[in-house]
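Descriptive analysis of the structure
Next come the chains, spelled out residue by residue.
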Amino acid sequence: MTVPRRPLSPASRRATQAVAALGAAALLLTGCGSDDGSDNASSDKGGSASAGTRTIKDATGTAVKVPAHPKRIVTLTQEDLDAVLALGVKPVGITNGQGLDKPPAYLAGKVKGIDVVGNLLQPVMDKVVAAKPDLILAGDMQDEQVLKQLREITPATVVTMAPTDDWKLTLRGIGNAVGELPKANKVISDHERAAKAAGKKLGANKGAEVSIVRWNPDGPSWMENKQFASGVALEMGLKRPKNQNKDGNAHTPSLSLEKINEIDGDWLFLSTLTSDGEKALKDVQKKPAYKDLGAVKKKHVVTVNGSVWSTRGGPLAADEVMNDISEALTKK
């Protein structure tokens, strides 16, 4: 059964975000005991990794029993995959990247030999069964019928993301689910230090205004401040153009050609997610309205990977964004 990916961008979805206050923070509200009520997640005397479970709450607030030491993890989104790889955990089953028919290119070197069990949030159940998971990280899966099928494979099926969750909150929740919360906290603090240091090395572009845009088939959408890639730029000390300096974690609705000036900035980072979006971008790049943008005139337009920049994000993707910005803004 196929399940559509929850859209990242429509501003109209904000009405649903009030319900998401539970968020991935709920993943951190855990009982650390095993089934026998002890404080030790592993209850057998021999310390076997297979013994004992912990009860956590997933991003929907649902209580889920997970293995104390999961060994066979299946991830259903690239954000889940990014997170577990950053934590040093190798899953046994993964899905293809967002808008892709293969795993994300930036993770390709880390997932060789791992079975693909479907497309993003579209698991092929027979393949999931064959992976014999003891923990399924189900991203922002909302289809209750699919969740029911997954929980029949293993009750340890965890929804890891809610609409308002940023990648750091999600990473902490995933870290807790796989028994690596301290490592998750360290990954986050290491990233924050690296982003701050990278921002100080931008020379003349230190503190520049960057426009971050995804080009859709029907036009461009710029990203709000709490959207993943925008957040990385802000961590580096960069700024957003005044009209884009808006709190929120969404993309704007697609803009018409008449409003294309809204995407301008000192630097313009452009991404696409589909071939139709890529074609629309190529078409508009021939038009005077695009050529008149200040960033275009200054040759400050950078094309970036939409499957990294235009997602919910993760620690490895954050490093990619940081490196893309650093490379573009320090190039002589």
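A brief report on the enclosed structure follows. This is a predicted model, so every value here is computed, not measured.

Turning our attention to the overall build of the chain. Within the chain, the regular secondary structure consists of 11 helices and 13 strands. Burial status across the chain gives 52% buried among its 332 residues. In the chain, of all internal contacts separated by at least 6 residues, the share reaching a separation of at least 24 is 64%. Here the chain displays about 15,000 Å² of accessible surface, and carbon together with sulfur accounts for 51% of that area.

Okay, helix H1 (residues 78–86) next. Among the 9 residues that make up H1, 9 are buried, leaving the element largely enclosed by the rest of the structure. Within two residues after H1, Gly88 carries a phi angle of roughly 80°, on the positive side.

Counted at 1.5 Å a residue, the expected span for helix H11 (residues 315–330) with its 16 residues is 22 Å, and the 22 Å between its end C-alpha atoms agrees. Within the span of H11, buried status applies to Pro315, Leu316, Ala317, Ala318, Val321, Met322, Ile325, Ser326, Ala328 and Leu329.

Quick look at the sheet that holds strand E11 (residues 219–222) now. The strand order E11-E10-E12-E13 describes an open sheet built from 4 strands, whose pairing is mixed. Strand pairing shows two members of the sheet lacking a second neighbour, E11 and strand E13 (301–303), which therefore form its edges. Taking each pair of neighbouring strands and ignoring which way they run, the sheet shows an average axis angle of 30°. As judged from the 4 bridges shared by strand E10 (residues 210–216) and E11, these two strands associate in the antiparallel manner. Bridge pairing in E11 links Val213 to Trp222. Helix H7 (residues 275–284) rests against E10 and strand E12 (267–271) of the sheet, and its axis sits at about 115° to E10.

As a further point, take the pairing of E10. Among the 7 residues of E10, 7 are classified as buried, and the element is accordingly described as predominantly covered. Burial of the side chains of E10 extends over both faces: Val210, Ile212, Arg214 and Asn216 are buried on one face and Ser211, Val213 and Trp215 on the other. Alignment of E10 against E12, held across 5 bridges, turns out to be parallel. Bridge pairing links Arg214 to Ser271 in E12.

Attention now goes to the packing of helix H5 (residues 181–199) against H11. The contact between H5 and H11 brings their axes to 11 Å, and the two run at 5°. Considering the angle they form, H5 stands roughly parallel to H11. Each of Val187, His191, Ala194, Ala195 and Ala198 in H5 lies in contact with H11, whose residues at this interface are Pro315, Ala318, Asp319, Met322 and Ser326. Grouping the amino acids of the contact of H5 with H11 by side-chain chemistry returns 7 nonpolar, 2 polar and 1 charged.

The rules we used
Residues numbered from 1 in each chain as written. Predicted model: local features only at pLDDT ≥ 70, side-chain atom pairs only at ≥ 80, totals over all residues. Heavy atoms only, no water. Helix = DSSP H or I, 4+ residues; strand = E, 2+ residues; numbered from the N terminus. Buried < 20%, exposed > 50% of the residue type's maximum accessible area, 1.4 Å probe, protein only. Contact = heavy atoms within 4.5 Å. Areas by Shrake-Rupley, 256 points an atom, 1.4 Å probe, with all protein chains shown as cover. Expected span 1.5 Å × (residues − 1). Pairing = 2+ DSSP bridges. Axes fitted to C-alpha atoms, helices over the stretch in contact; angles between N-to-C directions. Parallel < 35°, antiparallel > 145°, perpendicular 65-115°, else oblique. Nonpolar A, V, L, I, M, F, W, Y, C, P; charged D, E, K, R; others polar.

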